[in-house]
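The residues making up each chain are set out below.
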Amino acid sequence: MEDFIVSCPMRIITLAPAYPPLDSISKCVQMIEHGIKSGTPIQLHLYSSPNKHKTIVNFPTVSYAGNRSFLIYFKILKLIHCQLLANELISKRQLYYLDVALFEKQGKVDKCVDIIASSLNAALVDLNIIPSQKGLVYGNLDVNGYTITKDNGSVLIPSIRHFKISFETMPDRIVILEKDAILSGLISKDRESQCLGNIILITGRGFPDRLTKSFIYQLTAHFPQIPVHGYFDADIHGFMIFQEYSSKPIEKNSIGPTAAVVAAPNLKLKGAKLLGDTDFLMINERDIILTISQLKIASVSNLTGNLREIQRSLFLNVKRELQLSDVLFG
């Protein structure tokens, strides 16, 4: 990898790993600002993974898009720099809203932030960037000194640097749900009759975000003795969401610079099922194409034991949404 600064008519700046990352970002921002003030052409080098794919942005260029790309990286570096200096946390979504006119799309911010983190070989939390809150948790547990109880109802999974989870009484099981509607129904029943017992309910509200998967990883990694059950729609989308938890590695920058971990590798698929007399929905052409492609992928993986429902779905040409009666009461 190049030195941080190479003396030449064009100033080449490489965003290289340093701990704390603030040191590298501070030097990078300083050099860019000096180059702009002195009128020296700048070439910024970033790596999406060390010594592999290189991202190069230049300033100034004759291209409007090229100049804009450079300004986006520079603005995000400055915003991260400010957050690190102030020791304050910020989400990607909040970063986007700090300059909507420049960024235009949330996806541009997400991509730039991930490349910056990768170039520094740092986790997002090391840059004081945290995921937006999406997932919900229900149960009795302590998260970083904050006590969550069933009396609170379902609460957003907290956006914090590192989870420290503890229990006064070890839960009987952890249940991962596809939808928050099922979670709400279970909470209502639990309040009526306390039928759930000592249980932790979690939902990512569809496809889970990094924060939800990171939270579940901390639970399953530190408490492997607790059974983990999953309840999803009996269709291809439910199966893909199951895979997000059970076999797809969490993005490495979510946990640490070199992490390649799965949220819940021992997740047991429990529902829904394409069995019995019930209301089915017909699958459409897109469902069929997606199912066939996923079956091809899964056939060479270790997921063969969990393919039954989507194979049935394809054979019967039907799918079924998860019902409250399927979860713990069926």
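The chain appears in an unreviewed UniProt entry as DNA topoisomerase (ATP-hydrolyzing) from Pichia kudriavzevii. According to the UniProt record, the Catalytic activity (unreviewed entry) comment for the chain reads "ATP-dependent breakage, passage and rejoining of double-stranded DNA."

Asker: Looking at this structure, how should I read the nonpolar core?
Answerer: Nonpolar side chains in soluble globular proteins tend to end up buried together. Among the nonpolar cores identified, the biggest contains 36 residues, and Val137, Leu141, Ile202 and Phe215 are the most heavily contacted of them. Where this core is concerned, the elements lending two or more residues are β8 (141-143), β12 (173-177), β13 (199-203), α7 (210-222), α8 (236-246) and α10 (285-298). The dominant element in this core, judged by the number of residues it contributes, is α8, at six residues. Beyond its immediate chain neighbours, meaning those up to four positions away, Ile202 contacts Leu136, Val137, Ile157, Ile174, Val175, Ile176, Leu177, Thr212, Phe215, Ile216 and Leu219.

Asker: What should I look at first to understand the pattern of salt bridges in this one?
Answerer: Side chains that differ in sign of charge can pair as their charged atoms come close. The final tally for this structure, using the stated rule, is 13 salt bridges. Of the charged contacts, one joins Asp287 and Lys319 as a salt bridge, the two residues approaching to 3.2 Å between their closest N and O atoms. Taken as a pair, Asp287 in helix α10 and Lys319 in strand β17 (residues 318-319) lie far apart in primary sequence, 32 residues in all. Relative accessible area serves as the criterion here: at 4%, Asp287 is assigned to the buried category. Here Asp326 and Arg320 are joined by a salt bridge, their closest N and O atoms 3.1 Å apart.

Asker: Before we go on, may I ask you to explain the sheet that holds strand β11 (residues 165-166) in this structure?
Answerer: Spatially, three strands are ordered β9-β8-β11 in an open sheet, and the strand pairing comes out antiparallel. Two strands close off the open sheet at either side, each with one partner strand: β9 (146-148) and β11. One ladder, built from three bridges, connects β8 with β9; its direction is antiparallel. Looking at β9, one finds that Asp142 is bridged to Thr147.

Asker: Whenever I open this one, the sheet that holds strand β7 (residues 136-138) confuses me. Can you help?
Answerer: Within a beta sheet, neighbouring strands are joined by backbone hydrogen bonds and run either parallel or antiparallel to one another. Sheet architecture is open: six strands sit in the order β10-β7-β13-β12-β14-β15, paired in mixed fashion. The sheet terminates laterally at β10 (155-156) and β15 (268-271), the two strands that pair on one side only. Sitting on the sheet, helix α6 (residues 180-193) is in contact with β7, β12 and β13, with an inclination near 20° to β7.

What counts and how
- Residues numbered from 1 in each chain as written.
- Predicted model: local features only at pLDDT ≥ 70, side-chain atom pairs only at ≥ 80, totals over all residues.
- Heavy atoms only, no water.
- UniProt positions renumbered as here; feature names shortened; annotations may be inferred.
- Core = buried A, V, L, I, M, F, W, Y, C linked by side-chain atoms within 4.5 Å.
- Buried < 20%, exposed > 50% of the residue type's maximum accessible area, 1.4 Å probe, protein only.
- Helix = DSSP H or I, 4+ residues; strand = E, 2+ residues; numbered from the N terminus.
- Contact = heavy atoms within 4.5 Å.
- Salt bridge = Lys/Arg side-chain N within 4 Å of Asp/Glu carboxyl O.
- Pairing = 2+ DSSP bridges.
- Axes fitted to C-alpha atoms, helices over the stretch in contact; angles between N-to-C directions.

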